[in-house]
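The residues making up each chain are set out below.
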Amino acid sequence: MISPFFADLFLWLMYMMLAATLLVTAYSVWHGMRTRRRGDDIVNRVPAGRIGWCVLIGLLVCLVVTFLLGSSKPVMTNGQPFTSVFWLKATDMFIFTSILLIVGCFVSVFVSRFRS
């Protein structure tokens, strides 16, 4: 089977973008931890530190639950069955988690818009 002409170029571009994203994320976490003071947990009477931890724990729980609920049924890819249970479940996990996060964003915008 012949691969597309620019497939290697796009794969390397994707790898470079992933590396850049991971580096920027790591720098952002490092910078945030370095410049954060102990009293910054409550901002304008809002427990920002507690909200941050709840969001992180909620995301991890969502990832684990959607991974466990993901399908391991083989799919046909380029005329061949793909049977890797881990990657099938991981794909479903990312799809379902993305859908849940998008729906959650719309719900939060709707609730905050019409809240008195």
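Residues numbered from 1 in each chain as written. Predicted model: local features only at pLDDT ≥ 70, side-chain atom pairs only at ≥ 80, totals over all residues. Heavy atoms only, no water.

> Please explain the overall build of the protein chain as it appears in this structure.
Within the protein chain one finds 3 helices and 4 strands. Going from N to C terminus, the protein chain has its helices and strands arranged as α-β-β-α-β-β-α. The C-alpha atoms of the protein chain give 20 Å as radius of gyration, which overshoots the globular expectation for 116 residues (13 Å, by more than 25%). Taking the principal axes of the C-alpha coordinates as reference, the protein chain spans close to 60 × 30 × 25 Å. Taken across its 116 residues, the protein chain has 9% of its residues classed as buried. (Helix = DSSP H or I, 4+ residues; strand = E, 2+ residues; numbered from the N terminus. Rg over C-alpha atoms; globule rule 2.2 N^0.38 Å. Buried < 20%, exposed > 50% of the residue type's maximum accessible area, 1.4 Å probe, protein only.)

> What is the right way to look at unusual backbone geometry in this model?
Excluding glycine, a negative phi dihedral is what most residues carry, and trans is how most peptide bonds are arranged. At Asn 78, a position not held by glycine, the phi torsion is positive, near 55°. Take Asn 78: it is sitting in the loop between β3 (75-77) and β4 (80-82). Exposure remark for Asn 78: the relative accessible area of 68% places this residue in the exposed category.

> Teacher, can you tell me more about the packing of helix α2 (residues 48-69) against helix α3 (residues 85-113) here?
Each pair of packed helices can be described by the angle between their axes along with the distance between the axes. Contact geometry for α2 and α3: axes closest at 8 Å, N-to-C directions at 130°. As the angle between them shows, α2 and α3 are arranged oblique. In this structure, α2 meets α3 at a crossing whose hand is right-handed. Of the residues in α3, those in contact with Leu 59, Cys 62, Leu 63, Thr 66, Phe 67 and Leu 68 of α2 are Phe 86, Lys 89, Ala 90, Met 93, Phe 96, Thr 97, Leu 100 and Leu 101. Residues of the contact of α2 with α3, tallied by class, amount to 11 nonpolar, 2 polar and 1 charged. (Axes fitted to C-alpha atoms, helices over the stretch in contact; angles between N-to-C directions. Parallel < 35°, antiparallel > 145°, perpendicular 65-115°, else oblique. Left-handed = near helix turned anticlockwise from the far one by under 90°. Contact = heavy atoms within 4.5 Å. Nonpolar A, V, L, I, M, F, W, Y, C, P; charged D, E, K, R; others polar.)

> Hey, could you run me through the packing of aromatic side chains in this one?
Two numbers describe a pair of aromatic rings. These are the distance of the centres and the angle of the planes. Per the stated rule, a full pass over the model turns up 5 aromatic pairs. Here Trp 12 and Tyr 15 contribute two aromatic rings whose centre-to-centre distance is 5.7 Å and whose plane-to-plane angle is 80°, an arrangement assigned as edge-to-face. Linking Trp 12 with Tyr 15, this pair stays in helix α1 (residues 7-35), spanning 3 residues, or about one helical turn. A relative accessible area of 58% places Trp 12 in the exposed class. Taken together, a centroid distance of 5.8 Å and an interplanar angle of 55° make the contact between Phe 67 and Phe 86 tilted. Linking Phe 67 in helix α2 with Phe 86 in helix α3, this pair joins segments that are 19 residues apart in sequence. For Phe 67, a relative accessible area of 22% translates into the label partly exposed. (Phe/Tyr/Trp six-rings, centres within 6.5 Å; stacked < 30°, edge-to-face > 60°.)

> When you look at a nonpolar patch on the surface in this model, what are you seeing that I'm missing?
Taken together, the side chains of Ile 95, Phe 96, Ile 99, Val 103, Val 107, Phe 110, Val 111 and Phe 114 define a hydrophobic patch exposed on the protein surface, amounting to about 770 Å² of accessible area. Checked against the element boundaries, Phe 114 lands in the segment after α3. By relative accessible area, which is 59% here, Phe 114 ends up exposed. (Patch = residues over 30% accessible without salt bridge, like charges linked within 9 Å, V, L, I, M, F, W, Y side chains within 5 Å. Areas by Shrake-Rupley, 256 points an atom, 1.4 Å probe, with all protein chains shown as cover. Salt bridge = Lys/Arg side-chain N within 4 Å of Asp/Glu carboxyl O.)

> It is not clear to me how the side chain of Lys 89 should be interpreted in this structure. Could you clarify?
Residue position: Lys 89 is located in helix α3. Among buried Asp, Glu, Lys and Arg side chains, Lys 89 stands out as unpaired, with Asp 92 the closest opposite charge at 7.4 Å. Polar side-chain contacts of Lys 89 include one of 3.3 Å to the backbone oxygen of Leu 68. Apart from the residues within four sequence positions on either side, Lys 89 is in contact with Phe 67, Leu 68, Gly 70, Ser 71 and Ser 72. (Lys, Arg positive; Asp, Glu negative; His and termini not counted. Polar contact = N/O pair within 3.5 Å; in protein donor to acceptor, adjacent residues only side chain to side chain.)

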